[in-house]
Amino acid sequence: MQAVTLYELNTQIKGFLKREFSEAIWVIAEITEIQQNRSGHCYLQLADKRDEDDRIIATARATIWAFTFHTLQPYFETTTGHALRKGIRVMLLVEVVFHELYGYSLNVRDIDPTYTIGDLEYKKQEILKQLEQEGIINMNRELPFPLLPKNIAVISSPTAAGLDDFMNQLINNSYHYRFHVHLFPAVMQGDKTTESVIAALDKIYEYESFFDVVVLIRGGGSQTDLSSFDTYDMAANIAQFPLPVISGIGHERDETIVDRVAHLRVKTPTAAAVFLIDVFHEQEENLLELQVDFVNEIQDLLHEEKTRLLKIVADFKGLLSSLLIDKKTGLQMISQRVGYVSAAFIAQHSHNLAQISTHLENRVTLGFTKQKNQLNVVGRNVQQYALATLAEHRRRLDLVVNTVKYVDPRNVLKRGYSITRLNSKVVKDITELSSGDCLETQLIGGYVKSVVIKND
């Protein structure tokens, strides 16, 4: 059996591929890795995936040399609005290359951006269809927008120029409205955008009750970095977020999936700030209009009430005059009758009143006399009780005075006793003393100091 070297085998393969693929061929594949080195060359890892389960069934390395990449990159980005990046499908015009040492690879000579546009649009429509089937595509749009969105949660890169535009517009608004803005930092371009924005949404959700609205700001980035805002995960999170989300990611030409599910899409971060200011101004205008309408209605009502009251007063005056005349005539008749009846009544009861007066006078005189006697008795009893009480308290006071005199230390000293102290404390027991202690003994005439000499 004749054998060949590996180099000879690779040389044969190289020759075969060169004959079979003498001309460049269009290939459709997905970019799974992409890297550009310092020299400007771009290296790709391409893959083909099965539609049923997205499993990779073929891979290949590809190279776009610097002089070609400098032409293809701006052409692709300008046409599609997206950068060449990981995860997109492309149609490439490639030259099949086989090197004895490095093996099989592809040299990219051209790219068809229209294919990628169609594929990206297809994927976008599939995501929108999935969101619609799940019933969440319009959830954020259907949320009621707050009347005065004063507390604003902003998701943006801290260094984004659009964030400065947004803040300057809010702070320096001509109506002098005041907003409370809190920034939740996030990566707004690149592979980590979706993960970072969702993390910021999760943090805002923890303080949902503190905020009225969420503003997503990206301004200042490249128009080709919008692909991260076409992902299902970010769109699903925004669509189901419990606060209205305003999308101001700084582009005018294309509508991303995030724009579609957000409560409101504006072209730029500045436009987002203008919208919030306009909401306040509109409410202020409505309030002023209501105030004017209210004042006018009150004035009309007061005028109507004044006219009605004047009519009532006029009617009341006429009615009152007629009533007074009728009542005056009636009163005159009643007065005459009362005079006659009163005279008869007084004559009939004058004798009875005299008897009652005499009887009451006798009863009052008797009552005063009885009460006077009782007061005299009570006065004598109170006087006797007071004298007895004073005598008892005087006796107790004398007893206390005698007791105090008896226990007075000076009287005790006069009887021959003394008081011994150690360090200003009275000595009560000899066990409290030690040899060498300096004692102070108080006698009737003064103090004596002594030193303890104690025999054990």
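We now turn to the structure provided with this report.

**Regarding the sheet that holds strand β10 (residues 264-265)**
Moving on, step 1. Read across the sheet, 5 strands follow the order β7-β6-β8-β9-β10 without closing on themselves; strand pairing throughout is parallel. Across the chains shown, the open sheet's two edge strands, defined by having one partner strand only, are β7 (180-185) and β10.
Moving on, step 2. Pairing geometry for strand β9 (residues 245-248) and β10, over 2 bridges, is parallel. Considered in β10, the bridge of serine 247 is made with arginine 265.
Moving on, step 3. Docked against the sheet, helix α4 (residues 161-171) engages β6 (151-156), β7 and β8 (213-217), running at close to 165 degrees with respect to β6.

**Describing the sheet that holds strand β3 (residues 56-64)**
Moving on, step 1. With respect to topology, 5 strands assemble into a closed barrel ordered β1-β2-β3-β5-β4, the strand pairing being mixed. Neighbour to neighbour, the strand axes of the sheet diverge by 55 degrees on average, direction disregarded.
Moving on, step 2. Pairing between strand β4 (residues 89-99) and strand β5 (residues 103-111): 8 bridges, direction antiparallel. If you follow phenylalanine 98 over to β5, its bridge partner there is tyrosine 104.
Moving on, step 3. Against the sheet, helix α2 (residues 66-80) makes contact with β1 (25-36), β2 (42-49), β3, β4 and β5, and its axis sits at roughly 50 degrees relative to β5, the strand it touches most.
Moving on, step 4. The strands touched by helix α3 (residues 113-133) within the sheet are β1, β4 and β5, with β4 carrying the most contacts at an inclination of about 130 degrees.

**Re helix α6 (residues 232-239)**
Moving on, step 1. Turning to α6, its buried residues are Met234, Ala235, Ala236, Ile238 and Ala239.
Moving on, step 2. Where α6 is buried, its residues meet α3, α5 (193-206), β8, β9 and α7 (257-261).
Moving on, step 3. Capping of α6 at its N-terminal end is provided by threonine 231; its side-chain oxygen lies 3.5 Å from the backbone amide nitrogen of methionine 234.

**Brief notes about the packing of aromatic side chains**
Moving on, step 1. Overall, the coordinates contain 6 aromatic pairs when judged by the stated rule.
Moving on, step 2. Centre to centre, the rings of tyrosine 175 and tyrosine 177 are 5.3 Å apart; their planes meet at 25 degrees, and the pair counts as stacked.
Moving on, step 3. Take tyrosine 175: its relative accessible area is 37%, and that puts it in the partly exposed class.
Moving on, step 4. Seen from their ring centres, tyrosine 177 and phenylalanine 280 are 5.5 Å apart, and the 40 degrees between their planes marks the pair as tilted.

**Re the environment of tyrosine 175**
Moving on, step 1. By the secondary structure assignment, tyrosine 175 is in the loop between α4 and β7.
Moving on, step 2. The spacing of tyrosine 175 and leucine 433 is 258 residues in sequence and 91 Å in space, taken between C-alpha atoms.

**Some details on the environment of methionine 139**
Moving on, step 1. Structurally, the position occupied by methionine 139 is in the loop between α3 and β6.
Moving on, step 2. Taking the relative accessible area as the measure of exposure, methionine 139 reaches 35% and is therefore partly exposed.
Moving on, step 3. Sequence separation of methionine 139 and isoleucine 238 is 99 residues, and the distance between their C-alpha atoms is 9.1 Å.
Moving on, step 4. Contacts of methionine 139, omitting those with residues within four sequence positions, involve Ala239 and Gln240.

**Describing the nonpolar core**
Nonpolar side chains in soluble globular proteins generally cluster together in the buried interior.
Moving on, step 1. Of all hydrophobic cores here, the largest spans 32 residues; its most connected members are Leu131, Ile155, Ile204, Leu216 and Ile238.
Moving on, step 2. Going through the elements one at a time, α3, β6, α5, β8, α6 and α7 are the ones with two or more residues in this core.
Moving on, step 3. Looking at which element gives the most residues to this core, the answer is α6, with 5 residues.
Moving on, step 4. Once residues within four sequence positions are removed from consideration, leucine 131 is found in contact with Ile136, Ile137, Tyr232, Ala235, Ala236, Ile257 and Val261.
Moving on, step 5. Of all hydrophobic cores here, the second largest spans 23 residues; its members include Cys42, Ile64, Val94 and Leu106.

**Things to note about the packing of α5 against α6**
Moving on, step 1. Two elements in contact, α5 and α6, have axes whose closest approach is 9 Å; the angle formed by their N-to-C orientations is 20 degrees. Put simply, α5 runs roughly parallel to α6. Relative to α6, α5 is oriented so that their crossing is left-handed. Facing α5, whose interface residues are Thr193, Thr194, Val197, Ile198 and Leu201, α6 presents Asp233, Met234, Asn237 and Ile238.
Moving on, step 2. Broken down by class, the residue content of the contact of α5 with α6 amounts to 5 nonpolar, 3 polar and 1 charged.

Cut-offs used in this document
- Throughout this document, residue positions are counted from 1 along each chain, in the order its sequence is written.
- Note on the predicted model: pLDDT of at least 70 is required for a residue's local features to be given, and 80 or more for side-chain atom pairs to be given and counted; whole-chain, interface and lining totals, by contrast, use all residues.
- No hydrogens and no water enter the side-chain calculation; it runs on all heavy atoms of the structure.
- Paired strands, as defined in this entry, are two strands with at least two bridges between them according to DSSP.
- Numbering goes from the N terminus for both helices and strands, where a helix is a DSSP run of H or I of at least four residues and a strand is a run of E of at least two.
- Residues count as neighbours in contact if any of their non-hydrogen atoms are within 4.5 Å of one another.
- Think of each axis as a best-fit line through the C-alpha atoms, taken over the contacting stretch in the case of a helix, with angles from 0 to 180 degrees between the N-to-C directions.
- Three exposure classes are used, based on accessible area relative to the maximum for each residue type with a 1.4 Å probe and protein chains only: buried under 20%, partly exposed in between, and exposed over 50%.
- By the criterion applied in these results, polar contacts are pairs of N or O atoms within 3.5 Å in which, for protein atoms, one can donate a hydrogen and the other can accept it, and in which residues neighboring in sequence qualify only through two side-chain atoms.
- Each aromatic pair joins two rings of Phe, Tyr and Trp (for Trp, the six-membered one) with centres within 6.5 Å, and gets the label stacked for planes under 30 degrees apart, edge-to-face for over 60, and tilted for any other angle.
- Think of a nonpolar core as a cluster: buried Ala, Val, Leu, Ile, Met, Phe, Trp, Tyr and Cys residues, connected wherever their side-chain atoms sit within 4.5 Å.
- Angles are sorted into four bins: roughly parallel if under 35 degrees, roughly antiparallel if over 145, roughly perpendicular if 65 to 115, and oblique for all others.
- Crossing handedness follows the turn of the near helix against the far one: under a right angle anticlockwise gives a left-handed crossing, and clockwise gives a right-handed one.
- Amino acids outside the nonpolar list (Ala, Val, Leu, Ile, Met, Phe, Trp, Tyr, Cys, Pro) and the charged list (Asp, Glu, Lys, Arg) are all regarded as polar, and Gly is one of them.

Read these as geometric descriptors, not functional statements.
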